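# Coordinates in review
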Amino acid sequence: MNLFSKSLKLSALSLALPVSMLLASSSAMAFDTQDRATLEQQIKQISQSTEDLNFDRVLSMMPPKVLAYFAQKTGLPVASVKQMLAEQTKQVVADLAKDNMKISYMADLDHAKIHQSKLGHDYLIIPTEFDMMNDDTGMEMTGTLLAIKDEGQWYLMRLDGQSHLDIIKDIYPDLTELSLFEPTVNYYEPGED
């Protein structure tokens with residue numbers, strides 16, 4: 001075998017090894033186009049709920065284990081926790097409506113961090129943008145949304161600070177790659193570019 005042939009084989013091997021490693025690592029990740037379509041639909045529902053100031057659908061996307069965790073910590077039944085969250089959300093919505101706020105919400109799946117835990121939970125850390133505006137003022141906030149597939153179903157939860165990360169780590173200790181996108185808040189006057 002001449003030097004040129006050896007060089008070609010080594011080059012082919014050096015290209016094949018990273019490709020095979022990439023394929024092996026991506027095959028371990030169960031997140032697929034159907035999962036993406038499901039999350040796109042759920043995010044669309046959140047966006048529509050936000051514009052409509054009707055957050056009942058959003059609360060139904062919260063992981064049941066999180067609701068059970070809150071119930072256990074407060075000593076209340078899960079149904080009472082759901083009712084309490086719904087009442088708090090309705091109060092916020094009433095305040096926003098009173099201030100004639102127009103609200104929009106966007107979650108950017110294209111820039112999500114996709115992970116799979118050792119126990120097989122697929123989860124995504126998704127950057128978000130939330131915009132509120134009326135005739136007098138506007139506020140744009142960026143943040144983080146957690147999407148987790150648990151028992152075959154996708155659930156969503158906003159992550160807002162270390163306390164939320166700690167709750168998720170208590171419930172799902174196998175999620176070792178939890179992080180937050182850097183939150184920002186920007187105030188502006190409507191009509192500004």
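Residues numbered from 1 in each chain as written. Predicted model: local features only at pLDDT ≥ 70, side-chain atom pairs only at ≥ 80, totals over all residues. Heavy atoms only, no water.

### Digging into the overall build of the protein
The test is simple: Secondary structure follows DSSP: runs of H or I at least 4 residues long count as helices, runs of E at least 2 residues long count as strands, and numbering of each begins at the N terminus. Categorising residues by exposure relies on relative accessible area from a 1.4 Å probe, with only protein chains included: less than 20% of the type maximum marks a residue as buried, more than 50% marks it as exposed, and the intermediate range marks it as partly exposed. Residue contacts follow a heavy-atom distance rule, with two residues in contact if any of their heavy atoms lie within 4.5 Å. For accessible areas, the Shrake-Rupley method is used with a probe of radius 1.4 Å. Any residue's cover is judged against the shown protein chains and nothing else.
Counting its regular elements, the protein contains six helices and six strands. Mapped from its N terminus to its C terminus, the protein presents α and β elements in the order α-α-α-α-α-β-β-β-β-β-α-β. A burial count over the protein gives 35% of its 193 residues as buried. Residue pairs in contact within the protein that sit at least 24 positions apart in sequence constitute 58% of those at least 6 positions apart. Looking at the protein as shown, the accessible area adds up to about 12,100 Å², and 56% of this sits on carbon and sulfur atoms.

### Topic: the confidence of the model for the protein
Put simply, the rule is: pLDDT measures the predictor's confidence residue by residue and takes values from 0 up to 100.
Across the protein, pLDDT averages 84, with 84% of residues at or above 70. In the model, residues 1–28 has pLDDT below 50 throughout and makes four contacts with residues more than four positions away in sequence or in other chains.

### Things to note about helix H6 (residues 162–171)
The following threshold applies: The arc refers to the directions leading from the helix axis to the C-beta atoms.
Of the positions making up H6, those classed as buried are His-164, Leu-165, Ile-167, Ile-168 and Ile-171. The arc enclosing the buried residues of H6, seen along the axis, measures out at 160°, which places them on a common side. Summarising the contacts, the buried residues of H6 are in contact with helix H4 (64–74), strand S4 (138–150) and strand S5 (153–159).

### Digging into the environment of Pro-63
Inspection of the secondary structure puts Pro-63 in the loop between helix H3 (56–59) and H4. When its relative accessible area of 1% is taken as the criterion, Pro-63 is described as buried. Not counting residues up to four positions away in its chain, the partners in contact with Pro-63 are Ile-148, Tyr-155, Leu-156, Met-157 and Tyr-172.

### Re the packing of H4 against helix H5 (residues 78–98)
Going by this rule: Only the stretch in contact is used when fitting a helix axis, every axis being a line fitted to C-alpha atoms; angles between N-to-C directions are given from 0 to 180 degrees. Angular relationships are summarised with four words: roughly parallel below 35 degrees, roughly antiparallel beyond 145, roughly perpendicular across 65 to 115, and oblique for the angles in between. Polar here means any residue outside two lists: the nonpolar Ala, Val, Leu, Ile, Met, Phe, Trp, Tyr, Cys and Pro, and the charged Asp, Glu, Lys and Arg; Gly therefore counts as polar.
Put simply, H4 and H5 touch, their axes get as near as 8 Å, and they point 105° apart. The angle between H4 and H5 falls in the class roughly perpendicular. Where H4 abuts H5, its residues Leu-67, Ala-68, Phe-70, Ala-71 and Thr-74 lie against Val-78, Val-81, Lys-82 and Leu-85. Split into classes, the residues belonging to the contact of H4 with H5 amount to seven nonpolar, one polar and one charged.

### Here's the deal with the packing of aromatic side chains
Going by this rule: To pair, rings of Phe, Tyr and Trp, with the six-membered ring standing in for Trp, must have centres within 6.5 Å; the planes then decide the type, stacked if under 30 degrees apart, edge-to-face if over 60, and tilted in the middle. Whether a charge lies above a ring is judged from NZ of Lys or CZ of Arg, which has to be within 6 Å of the ring centre and within 35 degrees of the ring normal.
All chains considered together, the criterion is met by two aromatic pairs. On the numbers, 5.8 Å between centres and 90° between planes, the contact of Phe-31 with Trp-154 is edge-to-face. You can see Phe-31 sitting in the loop between helix H1 (3–28) and helix H2 (33–52) and its partner Trp-154 sitting in strand S5, a full 123 residues away along the chain. Summarising the burial analysis for this pair, Phe-31 and Trp-154 share the class buried. With centroids separated by 6.1 Å and ring planes inclined at 65°, the aromatic side chains of Tyr-69 and Phe-70 adopt a geometry described as edge-to-face. Here Tyr-69 falls in the buried class, since its relative accessible area comes to 16%. Here Phe-70 falls in the partly exposed class, since its relative accessible area comes to 23%. Lying over the aromatic face of Phe-181, Lys-113 brings its terminal NZ or CZ to 4.8 Å of the ring centre.

### A short note on the pattern of salt bridges
Where we set the bar: Each salt bridge in this description consists of a side-chain nitrogen of Lys or Arg and a carboxyl oxygen of Asp or Glu lying within 4 Å of one another.
Under the criterion given, the structure shown has six salt bridges. Where Lys-149 meets Asp-35, a salt bridge forms, and the shortest distance between an N and an O atom there is 2.9 Å. Taken together, the positions of Lys-149 in strand S4 and Asp-35 in helix H2 put the pair 114 residues apart, joining distant regions of the chain. Of the residues examined, Lys-149 reaches a relative accessible area of 25% and is grouped as partly exposed. Here Arg-36 ties to Asp-110 by a salt bridge, and the two come within 2.6 Å at their closest N and O atoms. Of this pair, Arg-36 sits in helix H2 while Asp-110 sits in the loop between strand S1 (102–107) and strand S2 (113–116); the two residues are 74 residues apart in sequence, bridging distant segments of the chain. Take Arg-36: its relative accessible area is 26%, and that puts it in the partly exposed class. If you follow the salt bridges from partner to partner, you end up with Arg-36, Glu-40 and Asp-110 in one network.

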